[in-house]
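# Summary of the model geometry
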Amino acid sequence: MTNDRVRALEEAWAQFDSAVADVDPDASVPDAVTSLQEEVGDVERAEQELRAGLDC
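Figured I'd write up the structure that's included with this text. (Residues numbered from 1 in each chain as written. Predicted model: local features only at pLDDT ≥ 70, side-chain atom pairs only at ≥ 80, totals over all residues. Heavy atoms only, no water.)

Moving on: helix α1 (residues 2-21). Given a rise of 1.5 Å per residue, 20 residues ought to cover 28 Å, and the 29 Å separating the end C-alpha atoms of α1 matches this to within 8%. Among all positions of α1, only Leu9, Ala12, Phe16 and Ala19 are buried. Mapping the buried residues of α1 onto a view down its axis gives an arc of 85°, with all of them on the same face. Exposed positions of α1 whose direction lies more than 90 degrees from the buried face are Asn3, Glu10 and Ala21. Contact partners of the buried residues in α1: α2 (29-54). (Helix = DSSP H or I, 4+ residues; strand = E, 2+ residues; numbered from the N terminus. Expected span 1.5 Å × (residues − 1). Buried < 20%, exposed > 50% of the residue type's maximum accessible area, 1.4 Å probe, protein only. Arc of directions from axis to C-beta. Contact = heavy atoms within 4.5 Å.)

Structure, rendered in structure tokens:
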């Protein structure tokens with residue numbers, strides 16, 4: 001179960017890294033931040049789930 005959570009976190013980070021690489025270089029900082037919010041949320045959720053599994 002913990003391995004699944006670790007993989008989910010790793011996958012969320014990989015998706016975030018990919019999204020960062022895909023940010024339009026001409027985008028303003030606020031637009032770039034807005035475009036990454038979903039991926040940041042995914043990383044945060046995966047990290048919370050992993051931590052919850054470690055508290056047992």
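Picking up after the structure, the text goes on.
Looking now at α2. In this model, α2 (26 residues) spans 35 Å end to end at C-alpha, consistent with the 38 Å of a helix rising 1.5 Å per residue. Along α2, the helix axis deviates most sharply at glutamine 37, where the bend reaches about 45°. Listed in full, the buried residues belonging to α2 are Ala32, Leu36, Glu39, Gly41, Val43, Ala46, Leu50 and Gly53. On its buried face, α2 sits against α1. (Bend = angle between axes of the 7 residues up to and from the residue.)

Time to look at the packing of aromatic side chains. Taken as a whole and judged by the stated rule, the model has one aromatic pair. On the basis of an interplanar angle of 85° and a centroid distance of 5.7 Å, the ring pair of tryptophan 13 and phenylalanine 16 is categorised as edge-to-face. Note that tryptophan 13 and phenylalanine 16 are positioned in helix α1 at a spacing of three residues, about one turn of the helix. A relative accessible area of 44% means that tryptophan 13 is categorised as partly exposed. (Phe/Tyr/Trp six-rings, centres within 6.5 Å; stacked < 30°, edge-to-face > 60°.)

What follows is about the environment of glycine 41. Locating glycine 41 in the fold gives a position in helix α2. In this structure glycine 41 comes out as buried when scored by relative accessible area, which is 10%.

For the rest of this paragraph, the subject is the packing of α1 against α2. Viewed as axis vectors pointing N to C, α1 and α2 meet at an angle of 165°, and their least axial separation amounts to 9 Å. On the basis of their axis angle, the class for α1 and α2 is roughly antiparallel. Considering how the two elements wind past one another, α1 and α2 form a crossing that is left-handed. Here Thr2, Arg5, Val6, Ala8, Leu9, Ala12, Trp13, Gln15, Phe16, Ala19 and Val20 of α1 lie close against α2, whose contacting residues are Leu36, Glu39, Val40, Asp42, Val43, Ala46, Glu47, Glu49, Leu50, Ala52, Gly53 and Leu54. (Axes fitted to C-alpha atoms, helices over the stretch in contact; angles between N-to-C directions. Parallel < 35°, antiparallel > 145°, perpendicular 65-115°, else oblique. Left-handed = near helix turned anticlockwise from the far one by under 90°.)

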